[in-house]
Amino acid sequence: LRKPSTTRSSGPAGPRVRFAPDGTRLAVWDRRTGVHLLTADGRLAGRIDTGRRVVYGMDYSPDGTRLAIAAAGGLLVWEDGCSAPRTVPAAGPGA
């Protein structure tokens, strides 16, 4: 994959495409099927089920080992090598 000059594709729900810092992976969100993790040659490396929740934004950690997904109801954190993301619930008023 060639990393474009911009790494964001924004829509009403925020960035839907995010390149890993080293450009070897790409995370793509689809409202119906969740986040797809693609390799540099376009192969599907994994999928993160977002439960049909709206994704407001995504970003990789600087070292590319984690992907944070801001979704309705909380933050999902996927770590390289894990099969499922960790969920950090949204804080309510007064938290």
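See the structure printed just above.
Since the model is a prediction, treat every value here as computed from it, not as a measurement.

Participant: Go over the environment of R31 with me, naming the residues and quoting the values.
Facilitator: Of note, R31 is situated in the loop between strand 4 (25–30) and strand 5 (34–39). Classification of R31 as partly exposed rests on a relative accessible area of 46%.

Participant: Give me the lowdown on the nonpolar core, citing residues and values where you can.
Facilitator: A27, V35, L37, I48, M58, L67 and I69 are the most contacted members of the largest nonpolar core, which totals 14 residues. When contributions to this core are tallied by element, the ones reaching two or more residues are strand 4, strand 5, strand 7 (55–60), strand 8 (66–71) and strand 9 (74–79). For L67, the residues in contact, after removing those within four places along its chain, are A27, V35, L37, I48, M58, D59, Y60, L76, V77 and W78.

Participant: Describe in detail the pattern of salt bridges, supporting the description with residues and values.
Facilitator: It is possible for side chains bearing opposite charge to pair when their charged atoms get close. Going through the model one piece at a time under the given rule, you end up with 5 salt bridges. Note that D30 and R32 form a salt bridge whose closest N and O atoms lie 3.7 Å from each other. D41 is paired through a salt bridge with R43; the nearest N and O atoms lie 3.0 Å apart. For D41, a relative accessible area of 54% corresponds to the exposed category.

Participant: Give a description of the sheet that holds strand 7 that names residues and reports values.
Facilitator: The strands that make up a sheet are held in pairs by hydrogen bonds between backbone atoms, and each pair lies either parallel or antiparallel. One open sheet accounts for 4 strands, arranged 7-8-9-10; its pairing is antiparallel. Where the open sheet ends on each side, the last strands, each with one partner, are strand 7 and strand 10 (86–89). On average, adjacent strands in this sheet sit at an angle of 20 degrees to one another, irrespective of strand direction.

Participant: Run through the sheet that holds strand 5, naming residues and quoting values.
Facilitator: Strand order in the open sheet formed by 4 strands is 3-4-5-6, with antiparallel pairing between adjacent strands. Two strands bound the open sheet, and with one partner strand each, they are strand 3 (17–19) and strand 6 (44–48). Taken pair by pair, the neighbouring strands of this sheet meet at an average axis angle of 20 degrees, ignoring direction.

Cut-offs applied
Residues numbered from 1 in each chain as written. Predicted model: local features only at pLDDT ≥ 70, side-chain atom pairs only at ≥ 80, totals over all residues. Heavy atoms only, no water. Helix = DSSP H or I, 4+ residues; strand = E, 2+ residues; numbered from the N terminus. Buried < 20%, exposed > 50% of the residue type's maximum accessible area, 1.4 Å probe, protein only. Core = buried A, V, L, I, M, F, W, Y, C linked by side-chain atoms within 4.5 Å. Contact = heavy atoms within 4.5 Å. Salt bridge = Lys/Arg side-chain N within 4 Å of Asp/Glu carboxyl O. Pairing = 2+ DSSP bridges. Axes fitted to C-alpha atoms, helices over the stretch in contact; angles between N-to-C directions.

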